[in-house]
Structure formats: structure tokens, C-alpha cells
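Below, each chain spelled out in residue letters.
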Amino acid sequence: MSNNPTASPAEPVHAHEEVPRGTIKAYLEVAGVLTVLTILEIWAFYVPSLQPVLIPILLVLSGAKFALVVMFYMHLKYDHLAYTGIFGPLLALAGFIVIALMILIAYFMGSPPTA
Amino acid sequence: MAVAVPKEVVKARENYLTEGGLLSWLVTVDHKRIGVMYGLTSLAFMGLAGFEALAMRIQLAQPNNHFLSADLYNQFFTMHGTTMIFLVIMPLGLGFFGNIAMPLQIGARDVAFPRLNALSYWIFLFGALFMYSSFLFGGLPDAGWFGYANLTERFFTPGSREDFWAIGLLILGISSILGALNFFVTIVNMRAPGMTFMRMPIFVWNILVASVLVLVAFPPLTVGLVFLVMDRFLGTHFYSTVAGATPILWQHLFWLFGHPEVYILALPAFGIISEVIPCFSRKPLFGYAAMAYATALIGFISYGVWGHHMFATGMGPIADAAFALSTMAIAIPTGIKVYSWVATLWRGNFVWTTSFLYALAFVVQFTLGGLTGVMHAQPPIDLQQTGSYFIVAHFHYVLGGGSLFAFLAGLYYWWPKMTGRMMNEKLGRINFWLTCIGFNMTFFPMHFLGLGGMPRRIYTYGAGLHWDFWNMFCTIGAFVMATGILFLLIAMVESLTRGPEAPADPWDGRTLEWSIPSPPPVYNFAEIPHVHSKDAFWEMKYGNNPGHKVPEVAAEHEAGHVPHIHVPAPSMFPILLAAGLALCGIGAVAWLRITLVGLLIVYLAIVGIGFEYPTYGEHPSKERGDDIYPLDSRKVGMWTFIGSESLFFASLIGTYMAYKGRDLIGPTAKEILEIPLTSFSTFVLLMSSLLMVLALAGFERGDIKAGRNWLFATAGLGCIFLGGQAYEFNKFYHEGVTLQHNLFGQTFYTLVGFHGLHVLLGVIWLLTLAFASFKDMVPKKRALAVEFGGLYWHFVDIVWIVIFSLVYLMDKVTGA
Ligand code: HEM
Ligand SMILES: [Cu+2]
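## Comments concerning the overall build of chain A
Within chain A, the regular secondary structure consists of three helices and zero strands. Counting from the amino terminus, helix and strand elements in chain A follow one another as α-α-α. Classification of the 115 residues of chain A by burial places 41% in the buried group. Excluding contacts between residues fewer than 6 apart, the proportion of contacts in chain A whose partners are at least 24 apart in sequence is 53%.

## Regarding the site of ligand 1
Residues and elements named next belong to chain B. What surrounds ligand 1 is a group of 24 residues, the closest being Trp-145, Asp-382, Thr-386, His-394 and Arg-456. Within the contact set of ligand 1, an oxygen atom lies 2.9 Å away from a side-chain nitrogen or oxygen of Arg-456. Looking at the shell around ligand 1, the elements with two or more residues in it are helix 6 (248–281), helix 9 (354–375) and helix 11 (389–419). No other element matches helix 11, which puts five residues into the shell around ligand 1. Partitioning the shell around ligand 1 into residue classes produces 13 nonpolar, eight polar and three charged.

## So, the packing of helix 2 (residues 54–73) of chain A against helix 24 (residues 783–809) of chain B
Where helix 2 of chain A meets helix 24 of chain B, the closest approach of the two axes is 10 Å, and the angle between their N-to-C directions is 175°. Taken together, the axis directions place helix 2 of chain A and helix 24 of chain B in an arrangement best described as roughly antiparallel. From helix 2 of chain A, Leu-54, Leu-58, Leu-59, Ser-62, Lys-65, Phe-66, Val-69, Val-70 and Tyr-73 of chain A reach across to helix 24 of chain B, where they touch His-794, Asp-797, Ile-798, Ile-801, Val-802, Phe-804, Ser-805, Leu-806 and Leu-809 of chain B. Grouping the constituent residues of the contact of helix 2 of chain A with helix 24 of chain B by class yields 13 nonpolar, three polar and two charged.

## Section: the packing of helix 2 (residues 70–105) of chain B against helix 5 (residues 202–234) of chain B
All names here are of chain B. Two elements in contact, helix 2 and helix 5, have axes whose closest approach is 10 Å; the angle formed by their N-to-C orientations is 135°. Classified by the angle their axes make, helix 2 and helix 5 are oblique. For the pair helix 2 and helix 5, the crossing hand works out as left-handed. In this structure, helix 2 contributes Phe-86, Met-90, Gly-93, Leu-94, Phe-97, Gly-98, Ala-101, Met-102 and Gln-105 to the contact, and helix 5 contributes Phe-203, Val-204, Ile-207, Ala-210, Ser-211, Val-214 and Phe-218. Among the residues making up the contact of helix 2 with helix 5, the classes are represented as 12 nonpolar, four polar and no charged.

Reading the values: the criteria
Residues numbered from 1 in each chain as written. Chains lettered and ligands numbered in written order. Predicted model: local features only at pLDDT ≥ 70, side-chain atom pairs only at ≥ 80, totals over all residues. Heavy atoms only, no water. Helix = DSSP H or I, 4+ residues; strand = E, 2+ residues; numbered from the N terminus. Buried < 20%, exposed > 50% of the residue type's maximum accessible area, 1.4 Å probe, protein only. Contact = heavy atoms within 4.5 Å. Near = heavy atom within 4 Å. Polar contact = N/O pair within 3.5 Å; in protein donor to acceptor, adjacent residues only side chain to side chain. Nonpolar A, V, L, I, M, F, W, Y, C, P; charged D, E, K, R; others polar. Axes fitted to C-alpha atoms, helices over the stretch in contact; angles between N-to-C directions. Parallel < 35°, antiparallel > 145°, perpendicular 65-115°, else oblique. Left-handed = near helix turned anticlockwise from the far one by under 90°.

If you want it as C-alpha cells, here you go:
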């Protein structure tokens, strides 16, 4: 058995590598942005003229908040790409379930017979 | 036999089977032992399910028979299916074969989380016993393994039978998810150095994809079962039309699980066949890369075909067409696999072992089942076949003639490795031929019966429908098959008592498990192997020169020094935790106070596991001498868990959205939700995430005091959030929107309530860490423990971000 590990492509990276994390300052900035985005969401909700486009606005704003927390507070931005590789596809499937149920039940089945 | 068997038998000094007394099995965390326990348990349940099947066959042998009452027949067919799927084929494929073969094939000393592995087994055992214990309390479950709503509602199925079924499946689901998470992390992170994904044995590929499928398929089932339990216990109407809901929701959630599930049952079988056929054809597997991609593709597509079980519900032409197309598409990667096996067989130099015979029969029978599958992938044809014995024939060919036959091939194949004994080939032949002939006698005529109009799930039928002959024939076949299985038991006992000792490498194998003694030592590999190609052990034995075998590679370890390897210590917490969980179930059907005791035990056992090892938070792998893996397994596990949890919430959110606007009476979201209050709690939860990262930063700096204070502050904000929620729920209740009032009430409380429950668990988690830090149990080097608590906390936060905008802000405008 050869013990020369350098020959193999799957040779692990150093297991104890200290990943540089965000600074306290970055965390505070993210919190600031999160607050602003939330205020924007609520503001958009109360502005009558925005009602027709409220759904896309909310999707974008909440998506941005979601991404910020995941990237900075959950460190996906700093950590090994493998974690993103695991979470990303599962999240996509989660979205798929929501949309599929909406289409198959809410859209295709119509409303129930009213009593 | 034509196999070159090394003369001397290499025996492990520390045989995993004989180390320690009988009691040591209760606290074992060794994957090989856990595998053996899975195997024995599944075998016992196979006996039970087989008994139920024979009883049903006797009943159906003749028209107008009275061997079983209609009621008993319903119980038997329900539990036969439930048992075979959840307690036999799935635990055999993943729990048994996954445990005894996968870690050895990737050159690992154990799975990533040995105690979690034990936990999965014990939860599985207790969950199974729990479900079957219903026969002491008024009978076994009797609404089918698919549990179609609204038959399962309390109104149509009173008594506690279906309670045992639903809660039992919830418990079993926890076991499956934990087990799959463990295997996933193990395969992703713990392959021997040099074993790239494209050098992994195909069996490992299949276990990997099957594990992913468990992680994505069980959350929808869990949600479906939660709704069912709520309907039965709390009087909600998730599946009944009285409040505007539809029983079809159950079918979507169930088959969203159910079809991936059939591949969870099939993939390990594909993997076994892909090991057995090359080995006994003395050729490498044909088209390795195609095989690997086909495996992944099957996994992917199988998540988008569930509707083919629902053609008869009238989903409409668009949905029908989409599901028909995706279902036919899945036949393509499946076909690739069949071609690969056939091409591997082509001009092979066969070794006619029993294992090989089973593999050959698998290829034929599975293909037959696959072909009928493509037939009823077409909606108009399915309308003829669905609900008939044709379907029964189809799934028994893929599951019985497919998965089960593959498992028997695998059992004969790995038995020498597992037990250190050879099986008697003569008994093996008898076992094979009786089982194979009996199987085909039983199930082939069911195609005729189905096309002749015989419906499935009936307990008897009238004379003169031309069904008599084939039914009697099937019954005789079933007894032939049962006799065959009896010979399997005889062969196993014979081998254990009188079988010759097995060499390390009896089949001249290709993969790493054959490089270590039979049975393997406790630590598996004295030295973690380095891998340079696929078929790693073959390469070690022969290099590039098939004629010249490097002498006795297997004996290498025997000559070397006694390795100093720390294997994971045994633990009593897994079995305790599982018992606590079982108590929760018992409490739910008996006396709610028992559930509280169960929860307390679960909590204490989790804390026990968390702080059991003094090295927790450092790299425990260092102690095991295999500090060589690229990632931290626990963090991979945490992210996988979070991903799986996302699917759980997606099923809840999907239901909320799907039922939106179907209410028959108000008030609904539009009239009742209060934005100012919720905006405030949203802000509170967001800020708690900030405090959480500050806490983690504190622990990482070694400033324990600051870290602890931030933890308390985070938990405090969590409590404020929960307080807001309690206020809101209370207010709605007083305005008449109870859990049972309308669809909005039940979906809203369930979704938001489950989120609140997660916040509560998070608060408990963080407080546990904070208090533990007083006792110096969370030093700087264990900051990772805080990081995991934090990841969970942030996850709860991002779920809320979605709920806030989808449920609160959007609901006020739409749906009017
Ligand atoms: C080429 C691959 C396959 C295709 C196209 C296919 C197609 C189908 C279809 C369309 C149905 C629904 C029939 C009906 O109820 O009307 C069905 C049922 C079923 N299939 Fe398959 N199938 C395939 C492979 C498998 C495999 C590999 C398994 C398991 C190992 C499996 C297990 C089942 C089971 C258990 C049912 C019946 C479920 C029930 O109603 O209780 N199938 N299949
Ligand atoms: Cu299916």
C-alpha cells in the first residue's frame, strides 16, 4: 500500500484551518441592513399605490434578508463551499414543494363547493 | 468454485462479534453490530409480514372463503405492506447493508456519528414495537399502508388503530432521517484519502442517493402525519371537505414521500447488484460513470413523479401529462442500469454462487416490474390498471423480485465478511430455486388476474369470475416461496454452527472490505487505506497486471503491530433517548402525562450525549487516529439537518398557501392579522440573531462571560417573541378563530405554532449552553457547540423571515 497521499486528488484540505469570519463591525452592519429592509417591507405594505406589485417587492426584500442571514450570520459566505452545496439544493427543493402544492391544489383544483 | 481462495484464514484478534458480553450490545456504537441488529430485527419482522401474507393467500385461495374475516384481512394487508416497506426492506437496505458494508467499502473506521447510529436503530425497534402493540388495544391498523384520507379520519376509523399507525410512522420517520443523515455525512466526509466520488464503489453511490432521498422524502410524510394526528386528536379538518379542505392533500404529501420511498427501497438493491455481478462475472462493472450518474438522476427525477399514483383522482390534463412524462423519463436512467448489468454479464467468466443466482434473477424480475411500471405511467392505461391486481404484480416484481432478491444476493455475498463463516452452497441452491420459483408462481399470474378485473384490497370474491384457478395457483406459489425462505434460515444456522471459517477475501473481491479480516476487527482498518483507483482492493492485489496477484495483501495487518486505535466508547444514551421517544408515543395514545416524562428523558439523554465526551467541540476524530477528513462531520450534519428541516417547513407553508382562499367561513388572514404587533416581534427575532453571533464571537475569543451574557440576551429576545405569539394566539382565540374554526385557523396555528415550537427548542438549547458554561463545560475549544446552537437559531430566524412576508404581509392583500 502506498502511503503517498499527495498523489490523490481527493486529498483533504487542512482540517483545522481557521476560517476568517466576519468582524463585529460587519455583523452590526448586517443588522442595520436587515432593519432597513424590514422597514421597507412594512412601508411597502402600507402604501396603497404599491399594492399591485406588493408580492414581487416582498419576495425580493425577504429573499434579500434571508440571504443576508444565511451568508453572514450562518457564515456560509466564509465557510467551505460544501455547506452551501448541501443547503442550496435542499432549499431549492423546499421551494419546489411550496410551488407544486400551490399549483396542484390551489390552482388546478379550484375553490371548494360552497356550502 | 473457480475463485482463488487464500490458503490460510486470517482471523481478527478482536472480533467485533465476540467482544464483551450480551449486555454490551445494548450500549454498542459499532456500525457492524448495529448492522447485525438491524438485520436480525428486520428478519423477524419479515417473518411476521410473511405470516400475514400467507394468511391472506389462504383466504384468497378460494372464492367466498371465510378463513379471515373482512376486518382481520384489512388489518393484515395494511400491516403486511407497512411492515414490508418500513420494517423490512428499508431497514435491510439502509440499516443492515448500509451499516455492514458501506463504512468498510469507503475505508472508514465507523460512521460519522456512531451514537446517532445506535439511536437510529433503537428508535426503529421501539417504533416498530409501538406500532404492533396496537393489536393489544383493539386491533392492528387497517386503512392500508398508504393510509388514504379520509378513511383515516376518526369519524370513519374510530378507535386507536390508526393512532398507532400514524404515531408509529412518525417515530420510525425520526429513525430514518437520523440514519440517513449519518450515512450522508459519512459518505461525503469520511471516504479514505484518494477515494474521489468517481472512485467510490457503486454500492456507496446508491446508499448516498438513497440517504438523500430519505432526507427529502420524509419531511412531507411527517407533515402529512402531523395533520392526520391533529385531525384525529384535535378535531381539525386538514383532510375533510367540511371546512373546505380536501383529502387529496394527503395523497400529495404521502406520494411526495411515497415515490421517492420506492427508490429508497430500490437503490440499495441496485448497489448490491452492481457489486455482485462484476465480482462473479470476473469483470469490472460496465460503464461505471454512466451508472453513477444514472443513480443520481434517478434520485433527482424520483422527486417529481409522485402524481402517477394519483391519475385516478382527476388532477387534470396538464398535471397528468407532466407526471406521465416525468415517470417515463425515470425509466431512462433505470434502463441504463439494466444495460450496464447485462453488458457486465456479457462474456463474463461466471462463478455460479448462490449470490450470483439471486443477482441474475433480480435483473430479470426487476426489469419485468419496471416494464409494467412504464405501462401504467400512461394515464389512460393506468385508469384500467390502478386498483387492480396488475399493480400488485408490478410492485411485487420491483420490490420482491427486485429489492428482496438483491438483498438475498447481498446476504450471501457479505455473510462471510460479517460472520467469518462460509455458507453452504447446496442449501443456498435449494433456498434460491424454491424462492425463485415460488415467487414467480405467486406474482406472475397476478398480471392476468388484474387484467381480468380483480381489484386489489378485497378480502374475498365471488365464484364464476374466472379468478379461481389463478388465485389457488398464487397461494400454492406463496407456500413454495415460504419453504424457500425457510431454507435460508436453515442455511444461516448451519453456517453459524458448522460452516467453515471464511478467509478475508473469499470471492476475490474488488472493494476494500475484502482487504481486512473476516469478521473485521473492531476498528475495521488497522491503517486507513489510500486509494488510487476505483476497485481499490483489486488494484492493490493485482496492480495493472491481472495475472500476478500481490501475495496476501489481506494478511498484511496480521503481521503488523497491534494498532493503537481509539474506537468510540459505548454509550447508554441512545437506547435511553429512544425509550423516551417511545414513551412520548405511548403517552399520546394513553395518558398525556407519560409524554411529559418521555420528553424529560429525551432532553436529559440529548444533554448526556452532548457532554458525554470530554473532547466534545474539538475533533473527536483526532482521538480515533483518523484526523484526515476534509470537513468537520458535525457541521456537515448540522447543515444537512437544517436542509431537511427546510423541507418540513416547506410542506407546512405549501399547505398554508394551497388552502388559502378555500375557507367556507371567516375570519381569515385578511381580517384578523395584525401587522404592527408582528412587525415588532419580527424585529425582535432579527436582533436576536445579531446577539447570537456576538455570543459565538465571545466564545470563540475565549471570553466566556461575554459569550454567556449574549446567549442569555438572545434567549431573552426569543422569549419576548414567544410572548408576542402567545398574546396573538390568545387574541385570535377570543375573536373566535380557534384551531378548529376554519381552514385559516388550522393552517395558520399549525405553521406559526411549529415555528414557535422551534423557537422554544432554540431557547432551551441556548439556555442549556449558557448554564453549562458556568460549569466550564463550554471552553473556547468547544465554541463549535455554540456555533451549532447558533446555526439552529438563525435557521429559525430565516424561516420567520419567510413566514412574515408570505403569511402576514401578502395575506392581507391577496385572496380577496
Ligand atoms: C421504471 C420504473 C417504474 C415505473 C415507471 C413505475 C411506475 C409506477 C406507477 C405508474 C404506479 C402507480 C400505479 C397505480 O397505482 O395505478 C406504480 C406503483 C407502485 N410502484 Fe412503481 N414504477 C417503477 C419502479 C418501481 C420501483 C423500483 C418500485 C420499488 C422498488 C416500485 C414500487 C411501486 C409500488 C409499491 C407501487 C404501488 C403503490 C400503492 O399503490 O400501494 N415501482 N409504479
Ligand atoms: Cu411511484
